[in-house]
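The primary structure of each chain is shown beneath.
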Amino acid sequence: MSNALAKEQTLPRPPKNKTPKWQKMSFMGYFALVLVTFLSVFPFYWMFIVASNGTEEISKIPPTLVPGPRFFTVISHVYEVLPQFNQALLNTVYVGTIVAVAQVFFSAIAGFAFAKLNFRGQRYMVLFVILTMMLPSQLGIIPLFMLIGWAGWIDTLLALIVPALVTAFGVFWMRQVIDAQVPNELLESASIDGAGVFRAYWSIVLPIIRQSSFVLGLFSFLATWNDFLWPLLVLNTPENFTAQVAVNQLKSSYAIDYALNMGGAFLSTAPLLVLFIFVGRRLVRGVMDGAVKG
Amino acid sequence: MSQATVAKTGKSKPPSPWKPAKPNKKLNNPNAVLSLNGRWGYLFTAPFFVMFLIFGLAPIVYSVYIAFFNWDALGTQEFIGMANFTELVADDRFWNALVNTLDIWLLSTIPMLIMSIGLAAILHNPSLRGSTFWRTILLVPNITSVLAIAIVFGQLFGRDFGMINIIIGALGFEHVDFIQGTTSSHIAIAAMIVWRWTGYNALIFLAAMLAIPGELYESASLDGANKWKQFLYVTLPSLRNTITFVLIVGTIGGLQVFAEPLILGGSYNGGDSGQFSTLTLFLFDQAFVAYKWGYAAAIGIMITFIVAIVSIINFFITRKLAGDGK
């Protein structure tokens, strides 16, 4: 966290009194930002409004815009329809954590090799990684489904975990990060002091990339949490559901009960919003560090 | 070490001890730390390649294989050559899905690009207060699930009691049945995509803007360029690569859109008359409702080709539009 702060403060910005006139923030600029903030937050607010008022209160003109008293009634209704909802949330945390840790681990070692080691075929391997990122992710979904069935993993959490352990994106991202953040001189002087590849990775690369690894892990966790179609295809019994499949189950059990649906959506979203309060700033840095500049 | 290798390949001058040796062209990795034993690279990248081979590449290759078969979930496996592809080209549902996908992609990409560059320009202003707060807020839509958001948007776009129609009604217009209409349902889906990705892309553009050297702005303002001209002649051309990147990533994602229409319609049909059926939704419909796996695999291959073609077109258009500074 303190690192993030330090970086934030070193951003180039001219002293306030020297700001040229053309650089003054206009009222319209702030207005646009406030509007975007409103639009970004409103759907979450609305989720809560509907979930706390019930469908009838919402189905009138003009609709209620303030929270109502029925929030706990709606939530308990969610648990009536799907008693395994907590289990689903736990499953999601479990899968997300394993996937995040594995992706960071495998991406970091591969990214290190691609960034700092010289071995034959290295260049073609990197090119291969980049090309695979361009392929539509749904292209192989039918054979993957067959493969998971053949392995006996249908309706188990393994079907979600194993195929997600590595991603081309993660490897590429880590390569960029290690290339940009770890100076070659450090590694050179370490190897002059007798450190091998493992030692150099462990005691020099890892401490430097800790922040970025955390960000990659967060993104993997979020992606796993929000993944929807694949879990829907491979999971059948409510005990094995993830949060998204559970929310979708609410949708198909009743015609359209908006309060019930939004109650479920709220339960599946609230943990992420709480997480975001703590890690949002680091995610922002991660997105910006990974951007293609110029 | 590096001096020796340069001397071996160097044709013109001997290596100067004062200048660092140029990276050797013959190295596999010009930026590598040569004192580390490179062979460990195979071990370090092996887990990725093994896992990716099994769960990524093999399914894709196999998918190309079964596209030439009449292959269903019950066990039929009959080689039929190009028949899946000829059937697909004659299939109205395919063309309908293609047109819908491109329409949704256009309706979402263009507004998103304009708004995210505009937002980035606002955030780029050095005298903005609370910049960390604004940046963080921009990322909030991106972390939530498409499912949760599609449920909320589905309600907001509802015909009778949706907030948007209530506003339309209050302005004195007829309520719009967003889900039933073709263009209107595309607008609703595009709105979800725009909502989700505008802030994220604004941060990408902001990062690129912060990397533009300040001298460019200084000399432009000395030449009397106002804010708008600076944006037009300094900022935009510098964003060329970033715009290309955002467009290509957005195209790969946008042409595979399925979660939003799937949740909005509640089935793989993409609405009662397929008015918002998309290519990927059509693929899933054939794969997991009709169980025509060979046919679905053929759709997947077509999607890949279409993504590639549109990405290439994008690449050249952005180069042209953003003023290819050679």
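What you see is a predicted model; the values in this text were computed from it and never measured.

So, on to the overall build of chain B. Looking only at helices and strands, chain B has 14 helices and 2 strands in total. Here the C-alpha atoms of chain B give a radius of gyration of 26 Å, more than 25% beyond the 20 Å that 2.2 N^0.38 yields for 326 residues. Seen through its C-alpha atoms, chain B measures out along the principal axes to roughly 75 × 60 × 35 Å. Going through the 326 residues of chain B one by one, you find that 43% of them count as buried.

A few words on the overall build of chain A. Looking only at helices and strands, chain A has 15 helices and 0 strands in total. The contacts of chain A with a sequence gap of at least 6 include a subset with a gap of at least 24, amounting to 74%.

On to the nonpolar core, then. Met262(A), Ala150(B) and Ile299(B) are the most contacted members of the largest nonpolar core, which has 170 residues in total. The greatest single-element share of this core, amounting to 16 residues, is contributed by helix α8 (residues 182-210) of chain B. Sequence-distant contacts of Met262(A), that is, excluding residues within four places in its chain, are made with Met47(A), Val50(A), Ala51(A), Ile151(B) and Val152(B).

It is common to give the size of an interface as the accessible area that goes away when the parts come together. Residue-level contacts link 93 residues of chain A with 87 residues of chain B. Ranked by the residues each element gives to the side of chain A that touches chain B, the list is headed by helix α15 (residues 258-289) of chain A, at 14 residues. Here the residues of the side of chain A that touches chain B are counted per class, giving 60 nonpolar, 22 polar and 11 charged.

Another point: the confidence of the model for chain B. All names here are of chain B. Overall, the predicted model of chain B reaches an average pLDDT of 86, with 90% of residues at or above 70. Here residues 1-13 is modelled with pLDDT under 50, and outside its nearest four sequence neighbours on either side it reaches 17 contacts, counting other chains as well. Both scores are available for the predicted complex, with the pTM at 0.86 and the ipTM at 0.85.

With that out of the way, let us pick up the packing of α15(A) against helix α6 (residues 146-156) of chain B. For the pair α15(A) and α6(B), interaxial distance at closest approach is 9 Å and the crossing angle is 145 degrees. For the crossing formed where α15(A) meets α6(B), the hand is left-handed. Facing α15(A), whose interface residues are Tyr258(A), Asn261(A), Met262(A), Ala265(A), Ser268(A) and Thr269(A), α6(B) presents Ala148(B), Ile151(B), Val152(B) and Gln155(B).

All names here are of chain A. Topologically, Phe172 is positioned in helix α9 (residues 168-181). The class for Phe172 is buried, based on 20 C-beta atoms found within 10 Å. For the pair Phe172 and Ile130, spaced 42 residues apart in sequence, the C-alpha to C-alpha distance is 7.1 Å.

As a packed pair, helix α2 (residues 27-53) of chain A and α6(B) sit with axes 10 Å apart at the nearest point and diverge in direction by 75 degrees. As summarised for this structure, α2(A) and α6(B) are arranged roughly perpendicular, according to the angle between their axes. Contact with α2(A), carried on its side by Pro43(A), Trp46(A), Met47(A) and Val50(A), involves Ile149(B), Val152(B), Gln155(B) and Leu156(B) of α6(B) and no other residues of that element. Here the contact of α2(A) with α6(B) is built from residues that sort into 7 nonpolar, 1 polar and no charged.

Glancing now at the environment of Val152(B). Note on placement: Val152(B) falls in helix α6. Val152(B) sits 68 residues away from Asn84(B) along the chain, and the two C-alpha atoms are 38 Å apart. Aside from chain neighbours lying at most four places away, what touches Val152(B) is Pro43(A), Trp46(A), Met47(A), Met262(A) and Ala265(A).

With that out of the way, let us pick up the environment of Pro43(A). Summarising the element assignment, Pro43(A) is placed in helix α2. In this structure Pro43(A) comes out as buried when scored by C-beta crowding, with 23 C-beta atoms within 10 Å.

At Asp155(A), a position not held by glycine, the phi torsion is positive, near 65 degrees. Counting through the fold element by element, Asp155(A) comes out in the loop between α7 (141-151) and α8 (158-161). Look at Asp155(A) and you get partly exposed, because 15 C-beta atoms sit within 10 Å. Positive phi, normally seen in glycine, also occurs at Tyr291(B), with a value near 55 degrees. Mapped onto the fold, Tyr291(B) is located in the loop between α13 (279-288) and α14 (293-321).

Criteria and cut-off values
Chains are numbered independently. Their residues run from 1 in the order of the written sequence. Chains carry letters and ligands carry numbers; both start at the beginning, A for chains and 1 for ligands, and go up in the order they are written. Only residues with pLDDT of 70 or above have their local features reported here, since the model is predicted, and side-chain atom pairs are shown and tallied only from 80 upward, although totals for entire chains, interfaces and linings are computed over all residues. For the purposes of this entry, the term helix denotes a DSSP run of H or I that reaches at least four residues, the term strand denotes a run of E that reaches at least two, and both are numbered from the N terminus. Radius of gyration: over C-alpha atoms. The globule rule applied is 2.2 Å multiplied by the number of residues raised to the 0.38 power. The exposure scheme places C-beta atoms from the backbone and then counts, for each residue, the other C-beta atoms within 10 Å of its own, assigning buried at 20 or more, exposed at 12 or fewer, and partly exposed in between. Contact between residues is assigned whenever the C-beta positions, reconstructed from backbone atoms, fall within 7 Å. Working definition: the nonpolar core is a set of buried Ala, Val, Leu, Ile, Met, Phe, Trp, Tyr and Cys residues, joined through C-beta atoms within 7 Å. For this scheme, ten residues count as nonpolar: Ala, Val, Leu, Ile, Met, Phe, Trp, Tyr, Cys and Pro. Four count as charged, namely Asp, Glu, Lys and Arg, and the remainder, Gly too, count as polar. Confidence per residue, as judged by the predictor, is encoded in pLDDT with a range of 0 to 100. Lines fitted to the C-alpha atoms define the axes, with helices restricted to the stretch that makes contact. Angles between their N-to-C directions range from 0 to 180 degrees. Here is the rule for handedness: rotate from the far helix to the near one, and if that takes an anticlockwise turn smaller than a right angle the crossing is left-handed, while a clockwise turn gives right-handed. Each angle gets one of four labels, with under 35 degrees taken as roughly parallel, over 145 as roughly antiparallel, 65 to 115 as roughly perpendicular, and the rest as oblique.

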